[in-house]
Structure formats: structure tokens, C-alpha cells
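# Remarks on the overall topology
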Amino acid sequence: MIRALHRWPGLLALALVTILSLSGAALSVFPAAERLAAPQAETGLTVAALADRIQAVYPGVEQIRRSPSGRITAYWFDQGAPGAAVIDPATGEGVASADPNQAERWLTNLHRSLFLGDGGRIAMAAGAAAMLILSLSGATLVARRAGGWRHWFARLRGPLAGRLHVQIARIAVVGLVLSSMTALWMTASTFDLLPDAGTISAAPTEVSGQTGFAPDRMPTLQQTPVAELRELSFPYPADASDVFTLKTDRGTGYLDQGTGALLAWTDLTGWERVSETITMLHTGQGAATLGLVLGLMALGVPAMGATGVLVWLAGRRGRRRIRGNLSAGRAETILLVGSEGGSTWSFAVTLHAALTQAGQSVHVGAMSGFAPERYSHARRIILLASTYGDGAAPASAKGFLDRLTATDRAPDIPLAVLGFGDRSFPAYCAFAKSVATAAEAKGWPELLALDTIDRQSPQDFARWGRALGDALAIELDLSHGPVQPQTTTLTLVSRRDYGAEVQAPTAILRFALPRTTLWQRLLGSGFARFQPGDLIGILPAGGTVPRLYSLASGRRDGFIEIVVRKHPGGLCSGQLTALEPGDTVGAFLRPNPGFRPGRSRTPLILIGAGTGIGPLAGFVRGNTRGRPIHLFFGMRHPDSDFLYGEAFRGWQDEGRITRLVTAISRGARPHYVQDALRGEANQVAELVRNGARVMVCGGRDMAAGVAEALAEILAPAGLTPAVLKAEGRYVEDVY
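What comes next is a walk through the structure.

What counts, and where the lines are drawn
- Residues numbered from 1 in each chain as written.
- Predicted model: local features only at pLDDT ≥ 70, side-chain atom pairs only at ≥ 80, totals over all residues.
- Heavy atoms only, no water.
- Helix = DSSP H or I, 4+ residues; strand = E, 2+ residues; numbered from the N terminus.
- Rg over C-alpha atoms; globule rule 2.2 N^0.38 Å.
- Buried < 20%, exposed > 50% of the residue type's maximum accessible area, 1.4 Å probe, protein only.
- Contact = heavy atoms within 4.5 Å.
- Pairing = 2+ DSSP bridges.
- Axes fitted to C-alpha atoms, helices over the stretch in contact; angles between N-to-C directions.
- Parallel < 35°, antiparallel > 145°, perpendicular 65-115°, else oblique.
- Left-handed = near helix turned anticlockwise from the far one by under 90°.
- Nonpolar A, V, L, I, M, F, W, Y, C, P; charged D, E, K, R; others polar.
- Expected span 1.5 Å × (residues − 1).
- Phe/Tyr/Trp six-rings, centres within 6.5 Å; stacked < 30°, edge-to-face > 60°.
- Lys NZ or Arg CZ within 6 Å of the ring centre and 35° of its normal.

### Observations concerning the overall build of the protein chain
Along the backbone of the protein chain there are 24 helices and 24 strands. Taken against the 2.2 N^0.38 rule, which gives 27 Å for 735 residues, the C-alpha radius of gyration of the protein chain at 36 Å runs more than 25% over that of a compact globule. Expressed as a percentage of the 735 residues in the protein chain, the buried residues total 46%. The contacts in the protein chain between residues at least 6 apart in sequence include a share of 70% that link residues at least 24 apart.

### Some thoughts on the environment of Phe400
Its place among the elements puts Phe400 in helix H13 (residues 400–406). Phe400 sits in the buried class, given a relative accessible area of 0%. Expressed as a C-alpha distance, the spacing of Phe400 and Trp444, which sit 44 residues apart in the sequence, is 15 Å. Leaving out residues up to four positions away in the same chain, Phe400 has contacts with Met367, Phe370, Leu383 and Val435.

### A closer look at the sheet that holds strand E24 (residues 730–734)
Taken together, the five strands give an open sheet; going across it, the order is E22-E21-E20-E23-E24, and neighbouring strands pair in parallel fashion. This sheet does not close on itself; its edge strands, each paired only once, are strand E22 (659–664) and E24. Direction aside, the axes of adjacent strands within the sheet are offset by 10° on average. By the bridge criterion, six bridges tie strand E20 (residues 604–609) to strand E21 (residues 629–635) in an arrangement that is parallel. The partner of Ala609 across the bridge, within E21, is Gly634. Across the sheet, helix H18 (residues 613–621) is in contact with E20, E21 and strand E23 (693–698); its angle to E20 comes to roughly 150°.

### Examining the packing of helix H7 (residues 160–190) against helix H9 (residues 270–283)
Where H7 contacts H9, the two axes come as close as 9 Å, and the packing angle between them is 130°. The angle between H7 and H9 falls in the class oblique. In the crossing of H7 with H9, the sense of the turn from one axis to the other is left-handed. Contact residues: Leu178, Ser179, Thr182, Ala183, Trp185 and Met186 in H7; Trp271, Val274, Ser275, Ile278, Thr279, Leu281, His282 and Thr283 in H9. Its residues assigned to classes, the contact of H7 with H9 shows eight nonpolar, six polar and no charged.

### Considerations on helix H12 (residues 343–357)
End to end, H12 covers 22 Å across 15 residues, agreeing with the expected 21 Å (1.5 Å per residue, within 8%). Along H12, the residues that are buried comprise Thr344, Ser346, Phe347, Ala348, Val349, Thr350, Leu351, His352, Ala354 and Leu355. The inward-facing, buried residues of H12 contact strand E9 (333–338), strand E10 (362–366), strand E11 (380–386), strand E12 (415–421) and helix H15 (458–472). One or two positions beyond H12, positive phi appears at Gly359, with a value near 95°.

### Some points on the sheet that holds strand E19 (residues 584–590)
As summarised here, the arrangement of the six strands in space is E17-E16-E19-E14-E15-E18, forming an open sheet in which the pairing is antiparallel. Lying at the two open borders of the sheet, with one neighbouring strand each, are strand E17 (547–550) and strand E18 (559–565). In this sheet, neighbouring strand axes are inclined to one another by 40° on average, regardless of whether the strands run parallel or antiparallel. In this structure, strand E14 (residues 488–498) lies alongside E19, joined through four bridges in antiparallel fashion. Opposite Thr489, over in E19, you have Gly586 as the bridge partner.

### Section: the packing of aromatic side chains
Summed over all chains, the structure comprises 17 aromatic pairs. An aromatic cluster of at least three residues, connected via ring pairs, comprises Phe347, Phe420, Phe461 and Trp464. Across from the ring centre of Phe213, 4.2 Å away, lies the NZ or CZ of Arg217, which sits over that ring. Across the ring face of Phe559, the terminal group of Arg510 is positioned such that the distance to the ring centre comes to 3.7 Å.

### Side note on unusual backbone geometry
In the Ramachandran plot, Cys429 falls in the positive-phi region, its phi being about 55° despite a non-glycine side chain. For Cys429, the location among the structural elements is in the loop between E12 and helix H14 (430–441).

### Focus on the environment of Gly120
Within the secondary structure layout, Gly120 lies in helix H6 (residues 117–146). Overall, the relative accessible area of 0% leaves Gly120 in the buried class. Here Gly120 is in contact with Arg112 and Ser113, once residues within four sequence places are set aside.

Functional significance is not addressed by these values, which are geometric in nature.
Okay, here's the thing in C-alpha cells:
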């Protein structure tokens, strides 16, 4: 509901809110420019002294105005001809024309009414209302994506357009809410939809009947600083019953032109002060710096509009349509999906179709949209949950556990949890297990016990489907065909071979960058944008599950590079290591934002063995700023599989790597990478105490040995790998 509330006003009112924001941003410059250009009154100058100076230069002065920027303007008649000028308060002389800025007037009319009078004002008010809805619904979606309001500035994942959309929203939303609310207030005031701001007191009728009392001798004007002045109107020369009218930040008063006495005074009401404050907040008049800040925030609207359209189009393009997907309030079966790369959604489509065919009413949605109060007709809830990284929630399940934990009690609707993962990873289906544990702790009734699907196995899914059918007393046949990702053809340009002497054939394969379309560059899809540590997927001939390899290069390196070891009987590794320059292979890209060094200047401790050196070498190659990097690399023998050996020597000379420590496992005294860490225990502990980030890449056994060694090294400092993981300073890419 919130997502739709955010999407459709944005798409329908995009042009209107863009005009509103761009014109508002342009108008925010004028108060600041006026403040800088206008001569300012000296501290302590009174209205009496100012009036005397101006009257000496312009005897026929009729009115003196001071704008919120401090600019003073005088209006006079000279031999029947009107005149006006911006005044230098130090001399009382005119220094600039008082004619209104035509560009500002044009922009103001555009901003307020599109040059269409009252109809245009109503249209722009509708634009402000749309902006308010977009801001509030967008803030809710940002908090949901981040996992709660407390994690407002949490690190983002996903395509560039989506990350830019959220980053801009995080900063601009406060200003946009303020601008849109004040715009609606001012429109309501224009159409007299607000309560009366107060009565304006009439000019006094009992006056002295005398004339000629000089303004510089009037006590009220002598006590009023120019900094509080808004307007001083002089009496008509031939009318003894007329009076001086003084308007200040405090209120309005009337002065006798014959005696200088204060005849009447009316303070500003609280309502008037509120209205003036709202006008100041919206226009920036009297708060030029705030106006510029709000103007800058308003510039985020067209940027968010463009990125929002890209995200919407990409979603429509990549989303599998679910025919007959009922609303959450009408469905008996609620099917919620937690997915990172999108593959789990394809299983949801298969399950939805099978349940619908069996006569069930089904709603499919994201776990991040979990809202039990909407499931008014639900008789069961099914969660399909994958796991991101080391047990974290995937993108479409952000905030689910926080909302479940925050509820007083779980829904009285039976629950089934199905986890998706790869059993070769230590954190196999860890997020699904966390969900099942939290649900049990909340007393959520169980429809089926937690079950898991290994490597997107259609057989596992069909088996679970039969169990679900038994629980629902229906026949359920889940025949799932995995959706293969769209691939790009890569051409091999060079290869370097290692490891034959130690019976571990390994190759560094370098592919040419494929051509990318403008659309791909805008969305960051395909191979338009990637970094070392991201994953390249290759579907081997005769296989159904893609194999993933960590990239050893980034887009700016100008090539795609991976490190592949040939495994006995390995379909994909055998095909890749058999490639010769000029051969091609189909591949797709999968971002891996959880395994990146970040932009910090804190030291990096990189630990890898064998082909795990690939992304680590990519990090070193990209370290052009000279960030301290300490690399621990395990190999069998330096003469056979010292991957990137020559490159590392050059990178050391260029300052891209601070220290390289190697461990040789084949020899008289086998030495593994965890042994190398223990040999440098003091320096490793000191680096970690000083904020270093640890990144590990390689096989599971190696990673387990490294974690054990680091636990020993860091124990005296009261630190553990688990603590570092919680702080985001220990990350793994393990296979």
C-alpha cells in the first residue's frame, strides 16, 4: 500500500513537482542575493535617525520600507512625479533602482500559479500535496528498506539508480516535507481557508490637528531600531487629521504628526506570528541561509524523479508478472518472499500458480511489506526466505524481523517457513532459521516445520510442496523450472597459467569488456558497472545451476578478470580452463556489495589462499590512493602458483600494497596462511586495535583456520572475529 502510495503520485505528478521544485530552488537564491547586495543599517541606528536622513535627501518622502533582507526602500513625490530607490541607510541617499526584479517576478508567478491565476494556484497546491505524500511515504519506505528508523543511514545495496534515489531522499526529505507543508498553508491562506489572523485596528480619529513635528524628535521612533522596522508611512501633507503609521516586528502603531505622541498600538497576534514564520520558512525572506538549504534540497526532486522512473522501469522489466495475484485483504494464503538476487521470486511464482490452480486464493508480496493487520481473510502465511551474506536479511525482507519483534504477539494464522540457500556455505539458510526461531518465540502457530531448499533444487521444492499439500488437504504438484539469467557474451583476450607442477591447474583469465547500452549505463545493469569482489556467473554446458566466481578487476580497469582452478570432473572449471584467446563464454554479473573494502583510509588486512587471491588482487590494483594494505597469501609453492607474483612486486613499488606475507604449504615445513598470521600476531593485533578492516577470501577450511588464528591473536585485546563482524570490520567471501 505504501509503495503504491509513493509510486503513483510520483509518476502522475512528476512534471508538476519538478516545476515546483526547480522554480522554488531558483527563487531561494534571491533572498540571499538581496541580502548581499543591499546596504545594511549600522548597529543601533533608529527609525528616527533613518527617517531624518532620508527626508533630508527626499523632502517629499511618503513611505520607508525595510524588507526581511535588510534592504531599505523609500518612496516619494517630487513636483507631482513619483520616485523610488533603494537607500543607503548611512546617508539616506538612493543607491539602486527599486524596480522589481523581472526574473524573480516571472519565477514567482510560475511557482505560485503557472501563470494561470487561481486555477494554477490550485494545480500547484495539488503538486505540493503530491510532494508531501511522496516525502512521507518515501521516508517510510527508506526506513523499511534500512531495517527501521534507527538505521536511517545504513549502508545500501542494489543498483546505482536505487541507491542514489534513497541517498538523496535521506538528506532532502526533511526540507521537502517543510516546503510542501508551508506551501499548502500559504495556499489555504490565499483562499481564506484559515481562521482570521486578527483585526486591523483603525487609525485614531482624535488627533491634535497640528502638523510639522519632525520624525527624528518622536520618542517612539527614537526607541525603535531599524532592525525591527517593516514600514513607516508619512501623513498626507495637506491633511491635519492624518497620522504616521509605524509597522514593526512587534506590531502596528499610529503617531500624531503634530506632537509625535503614540496614539494607538496593536501587538501582532500569535496567529499572525505563526503565519509570518511559515512564510519566512517557505520563501527564505528573513532566513536566507535556510532558504538556500531548502533550495538545495528541492533540487533533489528532479534527481529523485529521474532515478525513481529508472527504478520503476527496471522493476517492471525484471519482475515476473504474477497473474491473478489477489490483494492482501482478500487472500486466504499470504505468500511473502525474501530475496536478494530475485531467484526466490521464481519459486513464489510457481507456488502461486499451483495453489491458485488448486482453488486457493493467494497474495504474493515482499517480506519487507509484512503487515498482519491487512490479512483480514488469511488462513495461512508462507514465507520463502533466502539468506544474504553471513546470515543477514535479503533485500526484500529488510525490517521483517524488527517488525515481528516489535509486535506484542504473532498473528493467529498458521505459519510455514521455507529457506533457500547453498549447503556448502556455513550460514546455510541462516536468515530463514532466524525467522523461524523468532516466530516460535512469539508463539506463532506452525503450519509446517522449517524446511530448506539447497541450491535451488527443483526436487527439494517438489518434496516440500507435497508436504504442504498434505497439510492443506489438497494435491499440490510443484514442478519448478529455474529461470536462467540473461547472459552477455565475453571474449577471452589473454590467460596466464599456474599450478601444473603441483597438480592444481589454475588460470588467470582476462576477458574484454563487452559493449553496454546507454540504458545499462543508466541503470548500472549488465557489465556497465562492477568492482573487484563482485561475482560473475557462468552456466556450464550440461548444468542447471550457475557457478559464481569473484572478480579480480573493476570496470575502470578496462577488462574482466577471474582466477579459476580446474577441479577434477568440474563442468564449469573444466570449460573455462580450456578456453583459448578469442573463445567466448556467456556470463552474467551479480553485485556483491557485502565484500568491498569501502572508502575509508583505515588499514586493510587481506587474507586469501589459492584462487581466493583474485578479488584481493583487484583491491590492491585499485588502491591508487595508497591506503595501507597488508596482504597474507597462502600458496602451494612460489615457483608454481604464486598468482599475481610479478604484479605484486610492481604494486609494492607504486605504494599500492604496504606489506605482502606469503605462506608455502608444500615443502619441508608446511606453512599455511593462518600460521603466517600467528607469526605476525603483534602487528595484526595492533592494526585491528587501530581500526583495520579484515577481508578473507578462499575455501571454507582456510577461512575457519583464519578465524581460529585471529581469535587467539585478538583475545588479549578483548576482541573476537564475531565482534569485528558485528562492527562490519570482518567480512568473508568463502566457497
